[in-house]
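Spelled out, the chains give:
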Amino acid sequence: MPKFEMNNPVNRLHGSMPRIGIRPVIDGRRKGVRESLENQTMQMARSAAKFLSDNLRHPNGLPVECVIADTCIGGAAEASMAAEKFAREGVGVSLTVTPCWCYGTEVMDLDPLMPKAVWGFNGTERPGAVYLAAALAGYSQKGLPAFGIYGHDVQDKNDSAIPADVQEKLLRFAKAALAAAYMKGKSYLSIGSVSMGIAGSVVDPAFFYDYLGMRNESVDMSELVRRIDENIYDAKEFRKALAWTKIYCREGEDINKHKSSRARKDYEWETVVKMAMIAKDLMAGNPVLAEMGFAEEAMGHNAILAGFQGQRQWTDHFPNGDFLEAILNSSFDWNGIRQPYIMATENDSLNGAAMLFGHLLTDTAQIFSDVRTYWSPEAVKRVTKKQLKGKAANGIIHLINSGSSTLDGTGKQRLKGKPAMKPFWQITSNEAEACLKATKWCPAEIEYFRGGGFSSQFLTEGEMPVTMSRINIVKGLGPVLQIAEGYTVELPKDVDYILQRRTSPTWPTTWFAPRLTGNGAFKDVYSVMANWGANHGAISYGHIGDKLITLASILRIPVNMHNVSADKIYRPSAWNAFGTADLEAADYRACRNFGPLYNK
């Protein structure tokens, strides 16, 4: 079989990648004070820039670049010069650094749309901590929330090392801030409209613009029919894709009473492959289409995120979108190993947004699932005669999507020998092939999908740390984010078989055990299920609840449910002014006070 080639990192969307702007601020007093600090301050900026560039990549694999102000910033004139340079060079994130006292309001970054942080060096020779406190107070007073970074231990003035706790905050802030900056100006593409009355697929343009800085694009699903009928796709790529699909996509169990003919199934395979190619072209464009005379179609919609309605107006007649969604959401296809496309099932834009958050924060593919069933230990024992054990002992939630999910979700990739989902540039050819081998493509259940198609069927390996998240919109309140960290679990084969046969066995399954705290929504597994705000969840590899909380604070989206320990929560310093005892309530008050990031 052909090996999977690694695609070179590429920015497939229009617009430059956001850069991090480093602002070395300094005490402006001349004739001794400023001169004695120039080298130390600029070196601090260079160290921060090198550390961030060495440790961060964009989700497309390209390196994160930093831009340092041309001079130290000692007053308003130099602050304006730095702002002009940052605007010219595509800076989307602002990090101010200093070892000393500065004139706070004179050197501050006044861009209201730029996520910002201030790192004050913890040394005794110069009051960097005093400036940090003064600067954060100034930012709060002006309504410009900023993150504070201050090392736990005192350093010597000539110590250029970045302490571990400072490193953690620099990375946490930078990755979340880059995610916010990366979304700005991109599109959410609705392919179709509302699916079966699901509220999340009633796309809310105000949410996407006010909170994420994104535009909304929409095409009717008939556009797929037009492009298929008029051959508006790369025929060479189609032949390659179809041949690849025949090698790697094995058909699975057909549970339909009336089974389709081989000729019909072959037609459906050709159709779903074309659908996947066309959806990809709709999102990111394709220069080959311009060579064919379709210049408009070649542009795409600059969509960082899309959703496919499918049910029912499409799937009652045409092959379903399961292959389209599963392959695009995966980190590999017939063109090799590459960045996943983020595609929401049933055009659930809010779950799609949560998937996008997870992707931008981890660089990995995301699982889209129905939050289908809570299985108590008692119910499992009654049905299977077996007792749940290990991480599943307190009960499990059955995550199962209606026919599609990223193939990365099989858990066949490895980190330190354990199941994982990795950034595409870390995935090996053997791992991509293993994910495909663990997946079968079952003929669609005609009861659900009258037009046929093929659903991805796999079982996620156990013991992966994962985080489930979801955005919900509440009238009068706006968007809220839910987070549940936990683990995938592996059930005994006979137990898994019995439980899966009680629902749709041809769909991809992930057994999820949330981490319990004994309180509130995480008192027990039932409470997690009962408090979940919608029928869908976005599942990301790793325990990333703290990262999601940081990003949500930048966007001003309050978090109404999470099981992240308080010592890992990192928000702008202004949040402290809204209360330090009840952090959830303080978050709500702060987000309401400052309002959506882009609604100015």
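To start, this report covers the structure provided alongside it. (Residues numbered from 1 in each chain as written. Predicted model: local features only at pLDDT ≥ 70, side-chain atom pairs only at ≥ 80, totals over all residues. Heavy atoms only, no water.)

1. What to know about the nonpolar core
Just so we agree on the cut-off: Among buried residues, the Ala, Val, Leu, Ile, Met, Phe, Trp, Tyr and Cys ones that are joined through side-chain atoms within 4.5 Å form a nonpolar core. Residue burial is assigned from relative accessible area. The probe radius is 1.4 Å, only protein chains are included, and a residue is buried under 20% of its type maximum, exposed over 50%, and partly exposed in between. Put simply, DSSP H or I for four residues or longer makes a helix, DSSP E for two residues or longer makes a strand, and each gets a number counted from the N terminus. The criterion used for residue contact is that any of the two residues' heavy atoms lie within 4.5 Å.
With 139 residues, the main nonpolar core has Leu95, Trp119, Ile191 and Phe323 as its most contacted residues. Top contributing element to this core by residue count: helix H5 (residues 164-183), with 12 residues. In contact with Phe323, not counting residues within four places along its chain, are Thr245, Cys249, Trp269, Val272, Val273, Ala276, Trp334, Trp441 and Phe454. Counting residues in each nonpolar core, the second largest holds 20 residues, with Val371, Phe512, Ala521 and Ile539 among its members.

2. As for the sheet that holds strand E12 (residues 343-345)
Quick note on the threshold: Should DSSP find at least two bridges between two strands, the strands are taken to pair. Throughout, an axis means a line fitted to C-alpha atoms (over the contacting stretch in the case of helices), and angles, computed between N-to-C directions, take values from 0 to 180 degrees.
Ordered by their spatial adjacency, four strands build an open sheet running E7-E6-E9-E12, and the pairing between neighbours is parallel. Single-partner strands in this sheet number two, and they are strand E7 (215-219) and E12. Between one strand axis and the next, the sheet turns through 20° on average, direction left out of account. Where helix H13 (residues 349-362) meets the sheet, it contacts strand E6 (187-191), strand E9 (303-308) and E12, and its direction lies at approximately 145° from that of E9.

3. Brief notes about helix H12 (residues 322-329)
The element H12 is extensively covered by neighbouring structure, given that eight of its eight residues are classed as buried. If you check which residues of H12 are buried, you get Asp322, Phe323, Leu324, Glu325, Ala326, Ile327, Leu328 and Asn329.

4. Section: the environment of Ala235
Along the polypeptide, Ala235 turns up in helix H8 (residues 235-248). Ala235 sits in the partly exposed class, given a relative accessible area of 38%. Counting along the chain gives 53 residues from Ala235 to Val288, while the straight-line C-alpha distance between them is 9.8 Å.

5. Description of the pairing of strand E13 (residues 367-375)
Along a regular strand, successive side chains alternate from one face of the sheet to the other. Note that E13 and strand E22 (residues 536-541) share four bridges and pair antiparallel. Bridge pairing in E22 places Ser369 opposite Gly537. Note that E13 and strand E14 (residues 396-400) share five bridges and pair antiparallel. Considered in E14, the bridge of Val371 is made with Leu399.

6. Quick notes on the packing of aromatic side chains
In plain terms, the rule: Pairing of aromatic rings covers Phe, Tyr and Trp, the last counted by its six-membered ring, and requires centre-to-centre distances within 6.5 Å; plane angles under 30 degrees mean stacked, over 60 mean edge-to-face, and any other angle means tilted. Consider the ring centre and the ring normal. A charge sits over the ring if Lys NZ or Arg CZ is within 6 Å of that centre and within 35 degrees of that normal.
All chains considered together, the criterion is met by 24 aromatic pairs. An angle of 70° between the planes, with centres 5.9 Å apart, marks the rings of Phe578 and Phe594 as edge-to-face. Remark: Phe594 occurs in helix H19 (residues 583-594) and Phe578 occurs in the loop between strand E23 (559-561) and H19; sequence separation between them is 16 residues. By relative accessible area, Phe594 is classed as buried at 13%. Taken together, the ring pairs connect Phe4, Trp244, Tyr248, Phe332 and Trp334 into an aromatic cluster. Looking at Arg12, its charged tip hangs above the ring of Tyr341, at a distance of 3.5 Å from the centre. The aromatic ring of Phe238 is capped on one face by Lys274, whose charged end is 5.0 Å from the ring centroid.

7. Some words on the environment of Lys416
Relative to the helices and strands, Lys416 is located in the loop between strand E15 (413-415) and strand E16 (418-420). On a C-alpha basis, the gap between Lys416 and Thr550 in space is 27 Å, while along the polypeptide they are 134 residues apart.

8. Side note on the sheet that holds strand E3 (residues 91-98)
Pairing within the open sheet is parallel, and its five strands lie in the order E2-E1-E3-E4-E5. Looking along the sheet, the strands with just one partner apiece sit at the ends: strand E2 (66-68) and strand E5 (147-149). Ignoring which end each strand starts from, the neighbouring axes of this sheet average 25° apart. Pairing of strand E1 (residues 19-24) with E3, which is carried by six bridges, proceeds in the parallel orientation. Across the sheet, residue Ile20 finds its bridge partner in E3, namely Val93. Sheet strands in contact with H5 are E1, E3, strand E4 (116-120) and E5, and its direction is about 155° off that of E3.

9. Notes on the state of the cysteines
For clarity, the threshold we go by: Only a pair of cysteine sulfur atoms within 2.5 Å counts as a disulfide in this structure description.
In this structure the tally under the stated criterion is zero disulfides. Not engaged in a disulfide, the cysteine Cys72 finds its nearest cysteine sulfur in Cys100; these two sulfurs lie 8.3 Å apart. In this structure Cys102 is a free cysteine whose sulfur lies 4.2 Å from that of Cys100, the closest cysteine sulfur available.

10. Quick notes on the side chain of Thr509
Relative to the helices and strands, Thr509 is located in strand E21 (residues 509-514). Those residues within four positions of Thr509 in sequence are excluded, and the remaining contacts are His398, Leu399, Ile400, Phe458, Leu459, Thr460 and Gln500.

11. Details of the packing of helix H14 (residues 377-384) against helix H16 (residues 493-500)
Filter applied, for reference: In these notes the angle categories are as follows: under 35 degrees is roughly parallel, over 145 is roughly antiparallel, 65 to 115 is roughly perpendicular, and the rest is oblique. Ten residue types, Ala, Val, Leu, Ile, Met, Phe, Trp, Tyr, Cys and Pro, are classed as nonpolar, four, Asp, Glu, Lys and Arg, as charged, and the remainder, Gly among them, as polar.
Here H14 crosses H16 at 95°, and the two axes come no closer than 10 Å. When the interaxial angle is binned, H14 and H16 end up roughly perpendicular. Of H16, the residues touching H14 (which contributes Val380, Val383 and Thr384) are Val495, Ile498 and Leu499. Here the contact of H14 with H16 is built from residues that sort into five nonpolar, one polar and no charged.

12. A word on helix H15 (residues 429-437)
Every buried residue of H15 is listed here: Ser429, Glu431, Ala432, Glu433, Cys435 and Leu436. In the core, the buried residues of H15 are packed alongside H8, strand E10 (332-333), strand E11 (336-337) and E15.

13. Some remarks on unusual backbone geometry
Look at the link from Gln311 to Arg312: it is a cis peptide, with omega at -5°. With respect to the element layout, Arg312 can be found in the loop between E9 and H12. Of note in this structure, Glu346 is not a glycine but carries a positive phi near 55°. With respect to the element layout, Glu346 can be found in the loop between E12 and H13.

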